[in-house]
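Chain and residue survey
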Amino acid sequence: MAEDEELEAFKQWWKRNGQSILFAIVIAVLAVAGWQYWESREANARAEARQGFDSVIGTLSSDQESEERLATMEYSLDNLKDKYPDSPYAVFSAMIAAGVYMDEGNPEAAAGELQWALDQAHQQPLPRVIRLRLARAQFASGNYEGVVETLQAGSEAGEFQPLYRELEGDAQHAMGNDQAARQAYQAAREALDEDSNDRLLELKLSDLAAPEAS
Amino acid sequence: MLQNIRENAQGTIAKTIIVLLILSLSVWGLDSIVGGSGEASVATVNGEEITEREFERSVRIARQQRLQEMDTPDSSRIDTDQLNEEVLDRLIREKLIEQDIRERGLELTAQDIDRMITQAEQFRVDGAFSQERFTRAVRNQGMTVEGFREMIERDHLTRVLQAVIQGSAFSTETESKRIARLLTQTRDFDVLEVPLSAVMDDVTVSESEIESFYADNKAMFSQEESVDVAWITLDQAQLVDPDSIDEETVRARYRERIDEMGQTEKRNPAHILIADDADRVETVSNALDEGADFGELARQYSDDTASAEDGGELGLSGRNAFAEPFSEALFSIEEKGGIAGPVETSFGTHFIKLLDTEKQDPPSFSDMESELRQEIAQEQAGNRFVELSEELADIAYSEYDLKAPSELIDAEIQTRDGVTRDGNRAPFDHPQLKEQLFSEDVREGGFNTELVEVSQDRAVVARVREYHPEKQKELDTVREQIRELVTERKAREMIEQRLSEGADSESIAGTFGVEWETYQDVGRQGDLGAPAIIRDAAFGMPRPPEDGFSTEVVELPDGMALIRLTGITGSEDNTAAMMAENIQSQLGQRHGQSAYYYYLEQLRSEAEISRD
């Protein structure tokens, strides 16, 4: 008897709530399916971006003529930048390409790639690495003002301080501002760990005149 | 519980919870609800734990690597604290990179990881991937397959990140040329060396200066803790006297050796080979019985055409040169000219004639006796060493002096005073032995040390006769030493002050009664024209003004020197240009390495890291 009553009670309950429960389940299932679909699309996009990166890397070791190689690399790179500009692999590829352009004696093109990478990369510490390189590419093309500007723009140098200030010193020296160079080198020296001694930095410092007595 | 839920099931909240529970179970499995590992951890990096298990596994692997790098593996020579520290540092670094990689959205697909595993050489058997070998290798490392796959992904992505940051770095021609010019420049300078003796007469040291020096430098005058020790050595080399081995044993060994040498006898056979022809075997056999010439028969009948031309002769050879039945037959022929056969081998049927024998007379017993005695003594000593080690370890543990242990191994008790924690002669340079000597039980409790194997064939038991704790030396015992130190310091200060004040003065040399030394065109590296201290200092000095000089005072072992840097000359352009090319690629690598180094430093400085 009790079982009948219970069954009856359940039927009553189901009548009142059955529809909304089914509805909730359908919604939830759709949500999960949608999320998984989106997730797999994202994963595909990430995998494709990586393939793009692999093909950029691949051109480094290919035995094509340098002009042809460069063209292949540019094609893969542009494709990647176009389709997946937010992918870390696009940023990596631009960095690699910048290195290749430097080898080809084209610092302007290198700076272009690095500027693009800098605009795309958001998560530190990568932007600090790229900013330093952008400045170095500018240094190579003789744009010394630009070097100082690049190195001083953006957030502070963080742990990269020794590298930033050394390059700034190089640029100041190249512009003939030996006192500014000395200051930058000394700032680099101060930012180094206590027990480390950067021989090249000391080398550069020892070629500059002593600070003018103030 | 179910009853309760059903009763409250009308509530929308309860319904939602049930739906979510069911969904999360089906989508993410039980872990998502239960969660939490509850394992002990050694450090936390940005909220993620490095578990104790992970840490210990890594320490174990690192320890094995250390041992493998040693010529004679000895785990007591590994500094455990330092090893732990290094391993933890590395794990923290790996964790930081792992988090960085994850936040950047770098990942591999399951197929990528499959491919890496199936292509790895170490999981292959006969050129094909072996699931069994893979599973076993993973287990041996104390990992799960899932954990191993994660490790592969992490390692691979770390390498990618590092390769990108390091490998895409570059250097500029301007910088490399500048470095090359700096490295090859030469400098001109004048040096005024002033010996300490030049001012000694002017230096006085008061008692109060000595006292305050003593008070300020207590650490300099502390007597290191030390122990006076007694010890015995179990030395394998002295366990068995070669002359004490009885002659019968030595003779037995001699006979064995001579027998072995007999095996090296060489014989020169001729043979006739008949590959597969019973009739021909018969013919040859009969001909030989009738006394026909062996060489003629070989030429006529042998299937071994190469030797047949030479009458079947094969040349002088040892036992191992032939198939077993052949050499058996050959070496059982008793005298030259004797014939054996037919003998079957895999080649066919042979008839063999012994043409010649070459045998060296074996060395006599007296020639070999001392060598054999040494050899037997060494073998016996090895066994004896193991036995005695065990007995000695036991007795050293149970006794409170070295008397019984020394009698056991018949060794003299040696003594040495003033053994400190570092810098001793053997055997007290052995870390484990030292550690035991200075342990409380041995140092103050009067116990013997354990038996410590200080090398493969020596073991030592030691004890402390007297312990001298670290103590301060009395001022009276070091007064003269301090007087010398203070005198020298004051003399240096006095010279330095006078040199600095008169650095630009024409007459500065005269005031000390010394002469200027002039150095011209000195190179930065390996130029023997100037003393190294002075050269290095001169190359660290700033560029002098036009028609002037920059100055610096440096310390020499026995005096002070004033350096006047008068000129810097850049090298010929082509010398520097040649160097610059090399330098540019090195500089590029250097920029890459430091970029990656500071990348890690940046991650570290921004992370919340706690070590438990």
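Thresholds, definitions, all that
- Residues numbered from 1 in each chain as written.
- Chains lettered and ligands numbered in written order.
- Predicted model: local features only at pLDDT ≥ 70, side-chain atom pairs only at ≥ 80, totals over all residues.
- Heavy atoms only, no water.
- UniProt positions renumbered as here; feature names shortened; annotations may be inferred.
- Helix = DSSP H or I, 4+ residues; strand = E, 2+ residues; numbered from the N terminus.
- Pairing = 2+ DSSP bridges.
- Axes fitted to C-alpha atoms, helices over the stretch in contact; angles between N-to-C directions.
- Contact = heavy atoms within 4.5 Å.
- Expected span 1.5 Å × (residues − 1).
- Buried < 20%, exposed > 50% of the residue type's maximum accessible area, 1.4 Å probe, protein only.
- Phe/Tyr/Trp six-rings, centres within 6.5 Å; stacked < 30°, edge-to-face > 60°.
- Salt bridge = Lys/Arg side-chain N within 4 Å of Asp/Glu carboxyl O.

As annotated in an unreviewed UniProt entry, chain B carries the name Periplasmic chaperone PpiD and comes from Halospina denitrificans. Its UniProt record, at the heading Sequence similarities (unreviewed entry), says of chain B: "Belongs to the PpiD chaperone family." Within the UniProt record for chain B, the comment given under Subcellular location (unreviewed entry) is "Cell inner membrane".

With an unreviewed UniProt entry as reference, chain A is termed Ancillary SecYEG translocon subunit, source organism Halospina denitrificans. In its Subcellular location (unreviewed entry) section, the UniProt entry covering chain A states "Cell membrane". Heading Sequence similarities (unreviewed entry) of the UniProt record for chain A holds this comment: "Belongs to the YfgM family."

**Here we look at unusual backbone geometry**
Most peptide bonds are trans, and most residues other than glycine sit at a negative phi. A cis geometry characterises the amide bond from Gln124 of chain A onward to Pro125 of chain A, with omega recorded as 0°. Here Pro125 of chain A shows up in the loop between α4 (107-120) and α5 (126-140). The omega torsion of the bond from Ala426 of chain B to Pro427 of chain B falls at 0°, within 30 degrees of zero and hence cis. Its location among the elements puts Pro427 of chain B in the loop between β11 (414-420) and α18 (431-437). At Asp521 of chain B, a position not held by glycine, the phi torsion is positive, near 50°. Counting through the fold element by element, Asp521 of chain B comes out in strand β15 (residues 516-523). With a phi close to 60°, Asp547 of chain B is a non-glycine residue in the positive phi region. Along the polypeptide, Asp547 of chain B turns up in the loop between α22 (532-540) and β16 (550-556).

**Here's the deal with the sheet that holds strand β10 (residues 348-358) of chain B**
Residues and elements named next belong to chain B. Pairing is antiparallel in the open sheet, where 3 strands are placed in the order β8-β10-β9. Edge positions in the sheet fall to β8 (266-274) and β9 (339-345), since each has one partner strand and no second. Going from strand to strand, the sheet's axes swing by 35° on average, the running direction of each strand aside. This element, helix α13 (residues 294-301), spans β8, β9 and β10 of the sheet and lies at about 45° to β8.

**What about the sheet that holds strand β7 (residues 226-235) of chain B?**
All names here are of chain B. Ordered by their spatial adjacency, 4 strands build an open sheet running β11-β7-β13-β12, and the pairing between neighbours is antiparallel. With partners counted over all chains shown, the strands left at the sheet margins are β11 and β12 (452-455), one partner each. In this sheet, adjacent strand axes meet at a mean angle of 45° when their direction is disregarded. Bridging between β12 and strand β13 (residues 458-468) involves 3 bridges; their strand directions are antiparallel. Each bridged residue has a counterpart across the sheet, and for Val452 the counterpart in β13 is Val460. Against the sheet, helix α16 (residues 365-398) touches β7 and β13, its axis set at about 145° to β7.

**A few points about helix α8 (residues 145-167) of chain B**
The terminal C-alpha atoms of α8 of chain B lie 32 Å apart, and with 23 residues this matches the ideal 33 Å at 1.5 Å per residue to within 8%. Phe148, Arg149, Met151, Ile152, Glu153, Leu157, Thr158, Val160, Leu161, Val164 and Ile165 of chain B are the residues of α8 of chain B that are buried.

**Quick look at the packing of aromatic side chains**
Here the structure, examined in full by the defined rule, presents 22 aromatic pairs over all chains. Judged by centre distance (6.0 Å) and plane angle (90°), the rings of Tyr89 of chain A and Phe92 of chain A are edge-to-face. Placement of the pair is Tyr89 of chain A and Phe92 of chain A together in helix α3 (residues 88-103), with a separation of 3 residues, close to one helical turn. Comparing Tyr89 of chain A with Phe92 of chain A, the two get one shared label, buried. Between the aromatic rings of Trp231 of chain B and Phe428 of chain B, the centroid separation amounts to 5.0 Å while the plane-to-plane angle is 85°, which identifies the pairing as edge-to-face. Taken as a pair, Trp231 of chain B in strand β7 and Phe428 of chain B in the loop between β11 and α18 lie far apart in primary sequence, 197 residues in all. Here Trp231 of chain B falls in the buried class, since its relative accessible area comes to 5%. Ring pairs connect the aromatic residues Phe160 and Tyr164 of chain A together with Tyr597 and Tyr598 of chain B, which therefore count as one cluster.

**So, helix α9 (residues 173-184) of chain B**
With 12 residues, α9 of chain B extends 16 Å between its outermost C-alpha atoms, agreeing within 8% with the 16 Å of an ideal straight helix rising 1.5 Å per residue. For α9 of chain B, the set of buried residues is Glu175, Ser176, Arg178, Ile179, Ala180, Leu182, Leu183 and Thr184 of chain B.

**A short note on the pattern of salt bridges**
Opposite charge on two side chains permits pairing when their charged atoms draw close. Scanning all chains against the criterion turns up 49 salt bridges over all chains. Between Glu94 of chain B and Arg90 of chain B there is a salt bridge, with its nearest N and O atoms 3.3 Å apart. Here the residue Glu94 of chain B and the residue Arg90 of chain B both occupy positions in helix α5 (residues 80-103), the gap between them amounting to 4 residues, near one helical turn. We note a salt bridge from Glu247 of chain B to Arg251 of chain B, for which the minimum N-O separation is 3.1 Å. Of the two residues, Glu247 of chain B and Arg251 of chain B are both situated in helix α11 (residues 247-262); the distance of 4 residues between them amounts to about one turn of the helix. Classification of Glu247 of chain B by relative accessible area gives partly exposed; the value is 40%. Note on Arg251 of chain B: relative accessible area 32%, which makes it partly exposed. In the salt-bridge network here, residues are joined through shared partners; they are Glu166, Asp170 and Lys204 of chain A together with Glu175 and Arg178 of chain B.

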